[in-house]
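Next come the chains, spelled out residue by residue.
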Amino acid sequence: MITAWLSEALALCVGIAVIYLPGLAVAAALRLRGLALMALAPAASVLLYSVWAVALPFFGLPWDVWTIAASVGVTAGIMWLLCWRLGPAVPSSSTGPRIALLAGLIVGAVIGSVRVLLYVGEPSSISQSNDAVFHLNALQWVLDSGSASSMNLTGVVGASGFYPGGWHAVVSALVLFSGAEIPVAVNIVTLLTAVLIWPVGLAWLVQQVTRSRVVAGAAAALSGALLTFPMLMIQWGVLYPYLLSVALLPVAIALVVSAPEWVRGRGPVANGTKGAILAGVALVGVLGAIAFAQPATLLAWLVAALAFSAAWVAPRAWRSRGARRWALLGGLLGVALIAGLIWFTLSRSTTGAHWPPFRSRPSAAVDVLLNGQVMLPFALIVSVLAVIGLAVAVKQASLRWLALTWAAFAGLYVLVASVGNPWLRQWALGAWYADPYRIAAIAPVVVIPLASIGLVAIVSLALRALNRDRWLAGISVGLAVVVAAGGVAIAPVVLMPKVFENEWDDESRYEINDESWLSSDERVLLERLSERVPADTRVIGNPSTGSGFGYVLGGVDVFPRTWSHPRTDAWVTIQNGLRDVADNPDVCAALDAYGGSEYVLDFGEGEATPGRFVLPGMSRFQGQVGFELVDREGEASLWRITACD
C-alpha cells in the first residue's frame with residue numbers, strides 16, 4: 001500500500017498545489033500571514049474554483065488547465081490591486097512557542113494519514129457506497145462536458161438545476177493538472193482534506209479563541225482523535241462534499257471570533273475600518289466556499305455565530321442603558337431572525353427528512369457526553385478532557401459561547417437520534433436529511449477545542465504547583481500526541497456502525513472482493529469497456545451491481561449513472577423482461593426509449609439492501625436467444641443485444 005501511494009507522489013504534490021496555491025495568492029493580498037493564511041487558503045481556493053466554474057460557460061470557455069490558471073491569475077491580480085493600500089501586515093499577537101504549534105500540526109497530519117490510509121487502502125480504491133457512484137460519475141461528466149459548473153453538474157443523470165459543485169471543481173482541477181485517474185484524485189483530495197485542511201483550520205480557530213499557540217498545537221494533535229470526523233464522512237455515504245464543508249467550518253467560526261479584534265485594528269492590518277472590511281470579505285468568501293461544498297454546514301456555522309453573538313452582546317447590553325441597550329438587543333434579534341430565515345430556506349431546499357430516530361433520549365445524551373455518536377466506541381479520554389474544557393469555558397466569559405455551541409450541537413444530535421416528531425425532523429433537521437451521521441460529524445468542531453483547553457488547563461495547574469511553567473508547551477502537546485496516537489494504536493481501523501440495521505460493516509467500504517458491490521472481475525471488465533464497444537454507444541446495466549461505476553471506469557456511456565434505476569414504464573419493462581427480449585417485442589421499444597441500447601452488462605441480479613435493487617430481467621443471458629457474448633471476466637460479462645437488430 002505504501003509503495004502504491006509513493007508512486008502517486010507527484011499527484012499528491014499537485015493536489016497540495018491545487019488546494020493551496022490559488023488561495024494563498026488571494027488571501028495574502030488581504031495581509032493574512034502565518035497560520036491564518038494557511039487556514040484560509042483552502043477556502044479561498046474552493047471559492048475561486050467554484051465561482052469560475054459557474055462563470056466560464058457564460059463566456060463560452062471550457063473547464064481546462066488554461067482557463068483555470070488564467071482565472072486564478074486574473075482574480076489574484078485584481079485582489080492585489082484592490083488591497084495594495086491596506087498597509088503592512090500586523091504580526092500575530094498569539095503567545096507561546098511556534099514549535100508547539102508546528103509539532104501539533106505535524107502530529108495531527110501523521111495520525112490522520114494513518115487512519116485514512118489504513119481504511120482507504122490503495123490510492124486507486126473506490127468507496128463502494130451509494131453516493132460514490134454519483135460523485136465519481138459526475139467527475140467524469142465534468143471532464144467530458146468541459147464544465148464543472150454547479151448549474152450543470154446534475155446533467156450526469158439527465159437533470160438540471162443547482163447542485164453544489166465545489167468539491168467536484170477541486171477534484172476535477174487535480175485530474176486536469178496532474179493527469180491522475182479519477183479514483184486516485186478523489187482519494188488524494190480526501191486525504192488532504194482530513195490531514196491538512198481540517199487540522200490547520202482547527203488550530204487557527206483555537207488560536208483565535210485562546211490566543212495560545214500551545215492550546216492550538218494540542219488541538220491540531222488531537223484533530224484525528226475522534227471517529228466522528230473526519231473518518232465517519234469517509235465511511236458513510238460516502239459524503240465527500242460534506243467532508244470538505246465541515247473541514248472548512250472551523251475557519252468560518254474563527255472569523256466570527258476574530259471580527260471584534262479586527263475591527264479594533266488588532267487583526268491583519270492596524271486600521272480598524274480596513275480590518276472590518278477585510279473581516280467581511282474573508283467571512284463572505286469562506287461561507288461561499290462552504291455553500292459551494294455543502295450548504296447544510298452553514299447551519300452549523302449559524303449556531304456557533306449566534307452563540308458567539310449572544311455571549312458578546314449579553315454582558316454589554318447588561319452594562320448599557322437606554323438606546324444603546326436596545327440597539328444591542330435589537331441587533332441580536334435581527335441576526336437571529338435572519339438566521340431563522342436561512343434555516344427555513346435550507347430545510348426546504350432538500351428532499352426531506354429521510355432517516356428515523358434510533359436511540360432513546362438518555363442513550364443519545366450519553367453518546368454526546370462520551371463522544372460515541374451513532375454507536376461508535378466511546379472516546380473516554382478526549383471526553384474527560386472536553387468536560388474539563390467545558391467547565392473552563394463556562395467559568396471564563398470569553399469562552400462561554402463555546403459551551404453554548406457545544407450544547408446546541410449536542411441538542412441537535414439528541415433530536416436527530418431520539419425524537420420522531422415529523423415537523424421537527426423536517427424543519428429543524430431537514431437540511432441534513434435528518435441524518436444522524438452528518439450531525440454527529442459537526443461535534444468535533446467544538447469538542448476538540450474544548451478538549452485542548454481542558455488538557456492545557458490540567459497541565460498548567462500541575463506545573464504551576466511544581467513551579468515548572470516553562471514545560472507547559474512540551475508537556476501539553478506531548479500529552480495530546482499520546483492521547484491521539486494511543487487511540488490509533490488501540491484501534492487502527494474502526495469500521496462503521498450501521499445504526500438503522502443494528503449491525504456493523506464487515507470490512508472497509510473500499511475493499512473489493514467477489515462478494516462486494518463492485519467485484520474485482522467487474523472492475524477489470526469495466527476498465528476495458530472502451531475497447532469492446534463503439535465510443536458513441538450506450539451500455540445499460542443494473543446500477544445495484546458494479547455497473548453503476550461503468551461510466552467513470554469504462555469511459556463510455558453506461559446507464560444508469562447513479563445507484564438508483566429509473567422509475568419509468570419503459571425501464572420496468574427492461575428490468576423485468578430484457579432476458580426474454582426474443583419473445584417480447586415491447587422490450588425493443590423500451591430500449592429505444594433509452595437510446596436504443598445495443599449492449600448490456602450482466603453483473604448479476606443486484607441486491608435488496610438499502611438504496612439498491614434486484615432487477616431479475618437484467619442477468620443470466622447465457623443461452624438466451626437474442627444475445628451475443630462480447631466480453632467476460634470471471635462472473636462478469638458484456639453482451640450485445642441482437643434480438644432488436
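Sequence order as written defines the numbering, with residues in each chain counted from 1. At least 70 in pLDDT is required for a residue's local features to be given in this predicted model, at least 80 for side-chain atom pairs to be given and counted, and no such filter applies to totals for whole chains, interfaces and linings, which use all residues. Water and hydrogen atoms play no part in the side-chain values, which are based on all heavy atoms of the structure.

Focus: the overall build of the protein chain
A run of DSSP states H or I qualifies as a helix once it reaches four residues; a run of E qualifies as a strand once it reaches two. Both are numbered from the N-terminal end. A count of helical and extended segments in the protein chain gives 25 helices and seven strands. Between the two quantities, the radius of gyration covers C-alpha atoms and the globule rule is 2.2 Å times the number of residues to the power 0.38. Taking 645 residues into account, the globule formula puts the C-alpha radius of gyration at 26 Å, and the protein chain, at 26 Å, falls close to it. Overall size of the protein chain, expressed as C-alpha extent along the three principal axes, is 85 × 55 × 55 Å. Across the 645 residues in the protein chain, those meeting the buried criterion constitute 57%. Exposure classes here rest on a 1.4 Å probe applied to the protein chains alone. A residue is buried below 20% of its type maximum, exposed above 50%, and partly exposed in between.

Some details on the nonpolar core
What tends to happen in soluble globular proteins is that the nonpolar side chains get buried as a cluster. By nonpolar core we mean a set of buried residues, namely Ala, Val, Leu, Ile, Met, Phe, Trp, Tyr and Cys, connected to one another through side-chain atoms within 4.5 Å. Within the largest apolar cluster, 211 residues are counted, with the highest numbers of intra-cluster contacts made by Trp-63, Trp-204, Met-233, Trp-301 and Tyr-413. Contacts of Tyr-413, omitting those with residues within four sequence positions, involve Phe-358, Ala-364, Asp-367, Val-368, Gln-373, Val-374, Pro-436, Ile-439 and Ala-440. Grouped together as the second largest cluster of nonpolar side chains are 18 residues, Ile-540, Trp-571, Val-581 and Phe-621 included. The criterion used for residue contact is that any of the two residues' heavy atoms lie within 4.5 Å.

So, the sheet that holds strand S4 (residues 557-559)
At least two DSSP bridges between two strands are required for those strands to pair. Strand order in the open sheet made by the five strands is S4-S3-S5-S7-S6, with mixed pairing throughout. Two strands lie at the open edges of the sheet, namely S4 and strand S6 (627-633), each paired on one side alone. Across the sheet, the mean angle separating the axes of adjacent strands is 25° when strand polarity is ignored. Bridging between strand S3 (residues 538-540) and S4 involves three bridges; their strand directions are parallel. Each bridged residue has a counterpart across the sheet, and for Arg-538 the counterpart in S4 is Asp-557. As a rule, the C-alpha atoms of each element are fitted with a line to give its axis, helices using only the stretch in contact, and angles between N-to-C directions run from 0 to 180 degrees.

What about the state of the cysteines?
Covalent bonding between the sulfur atoms of two cysteines defines a disulfide. By disulfide we mean two sulfur atoms from cysteines, separated by a distance within 2.5 Å. A complete count under the given rule lists one disulfide for this structure. Shown here is the disulfide that connects Cys-588 with Cys-644, its sulfur atoms set 1.9 Å apart. Looking along the S-S bond of the Cys-588-Cys-644 disulfide, the torsion reads about -85°, which is the left-handed sense. One end of the pair, Cys-588, is in helix H25 (residues 585-593); the other, Cys-644, is in the segment after strand S7 (636-641), and 56 residues separate them in sequence.

Quick word on helix H5 (residues 98-120)
Between its first and last C-alpha, H5 extends 33 Å over 23 residues, near the 33 Å set by a 1.5 Å rise per residue. Gly-121 occupies a position one or two residues after H5 and carries a positive phi of about 85°. The span you would expect from a helix comes to 1.5 Å times its residue count less one.

Quick notes on the pattern of salt bridges
Whenever Lys or Arg places a side-chain nitrogen within 4 Å of a carboxyl oxygen from Asp or Glu, that contact is recorded as a salt bridge. One pass over the full model with this rule turns up 18 salt bridges. For Glu-503, the salt bridge goes to Lys-498, with nearest N and O atoms at 3.0 Å. Residue Glu-503 is classed as partly exposed on the basis of its relative accessible area, which comes to 37%. The salt bridge involving Arg-528 is made with Glu-633; its shortest N-O contact spans 2.9 Å. You can see Arg-528 sitting in the loop between helix H22 (520-527) and S3 and its partner Glu-633 sitting in strand S6, a full 105 residues away along the chain. According to the relative accessible area criterion, Arg-528 is buried, its value standing at 16%. For Glu-633, a relative accessible area of 24% translates into the label partly exposed. Overlapping salt bridges, with partners in common, bring together Lys-498, Glu-501, Glu-503, Asp-505 and Arg-509 in one network.

Comments concerning the pairing of S7
Along any regular strand, the residues point their side chains to alternate faces of the sheet. For S7, the buried fraction is high: six of the six residues fall into the buried class. Residues Ala-636, Leu-638 and Arg-640 point to one face of S7 and Ser-637, Trp-639 and Ile-641 to the other, with burial holding for every one of them. Where strand S5 (residues 599-602) meets S7, four bridges bridge the pair, whose relative direction is antiparallel. In the strand pairing of S7, Leu-601 is matched with Leu-638. When S6 meets S7, the two strands line up antiparallel, connected through six bridges. Counterpart to Glu-633 in the pairing with S7 is Ala-636. Hairpin remark: S6 followed by S7, antiparallel, with two residues in the connecting loop; positive phi at Gly-634, about 60°.

Looking at the side chain of Ser-127
Tracing the backbone shows Ser-127 in the loop between H5 and helix H6 (130-145). Polar contact is the term for a pair of N or O atoms within 3.5 Å; when the atoms are in protein, one must be able to donate a hydrogen and the other to accept it, and sequence-neighboring residues count only if both atoms are side-chain atoms. Within the structure, Ser-127 has its side chain in polar contact with the side chain of Ser-129 (distance 2.7 Å). Not counting residues within four places of it along the chain, the set of residues in contact with Ser-127 comprises Ala-132, Val-238, Tyr-240, Arg-509, Tyr-510 and Phe-549.

A closer look at the packing of aromatic side chains
In this analysis, rings of Phe, Tyr and Trp, with Trp reduced to its six-membered ring, are considered paired at centre separations within 6.5 Å, and the interplanar angle assigns stacked below 30 degrees, edge-to-face beyond 60, and tilted for intermediate values. Following the criterion strictly, the structure yields 19 aromatic pairs and no others. Look at Phe-162 and Phe-292: their rings are 6.4 Å apart centre to centre, the planes differ by 55°, and that puts the pair in the tilted class. Residue Phe-162 is located in the loop between H6 and helix H7 (166-178), and its partner Phe-292 is located in helix H12 (residues 272-293); the two are separated by 130 residues in the primary sequence. We classify Phe-292 as buried; its relative accessible area is 17%. Measuring from ring centre to ring centre gives 4.7 Å for Trp-198 and Phe-229, while their planes differ by 70°; the resulting arrangement is edge-to-face. Of this pair, Trp-198 sits in helix H8 (residues 182-210) while Phe-229 sits in the loop between helix H9 (213-221) and helix H10 (231-235), and the two are 31 residues apart along the sequence. Comparing Trp-198 with Phe-229 shows no difference in burial state: the two are buried. Remark: a charge is flagged as sitting over a ring if the NZ atom of Lys or the CZ atom of Arg is within 6 Å of the ring centre and within 35 degrees of the ring normal. Over the face of the ring belonging to Tyr-242 we find Arg-438, whose NZ or CZ atom lies 6.0 Å from the ring centre.

Focus: helix H3 (residues 34-55)
Along an α-helix, a turn takes 3.6 residues, which lines up residues three or four apart on a common side. In this model, H3 (22 residues) spans 31 Å end to end at C-alpha, consistent with the 32 Å of a helix rising 1.5 Å per residue. Where H3 bends most, the angle comes to about 30°, and this point is Ala-41, followed within four residues by the proline Pro-42. For H3, the buried fraction is high: 17 of the 22 residues fall into the buried class. Two axes define the bend at a residue: one fitted to the seven residues ending there, one fitted to the seven starting there, and the bend is the angle between them.

Quick look at the packing of helix H2 (residues 9-27) against helix H4 (residues 65-83)
Interaxial distance between H2 and H4 falls to 8 Å at its minimum, and their mutual angle equals 20°. On the basis of their axis angle, the class for H2 and H4 is roughly parallel. Note that H2 runs across H4; the crossing there is left-handed. Along the contact surface, H2 presents Pro-22, Ala-25 and Val-26, while H4 presents Val-72, Thr-75, Ala-76, Met-79 and Trp-80. Each residue is assigned to one of three groups, with Ala, Val, Leu, Ile, Met, Phe, Trp, Tyr, Cys and Pro labelled nonpolar, Asp, Glu, Lys and Arg labelled charged, and all others, Gly among them, labelled polar. Split by residue class, the contact of H2 with H4 holds seven nonpolar, one polar and no charged. If an angle is under 35 degrees, it is roughly parallel; if it is over 145, roughly antiparallel; if it lies from 65 to 115, roughly perpendicular; otherwise it is oblique. Helix crossings fall into two classes, left-handed where the near helix is turned counterclockwise from the far one by less than a right angle and right-handed where it is turned clockwise.

Comments concerning the pairing of S5
Where burial is concerned, the two faces of S5 agree: the one with Tyr-599 and Leu-601 and the one with Val-600 and Asp-602 are both buried. Summarising the sheet, S3 and S5 pair through two bridges and their orientation is parallel. Across the sheet, residue Val-539 finds its bridge partner in S5, namely Tyr-599.

Taken by themselves, the reported measurements are silent on function.
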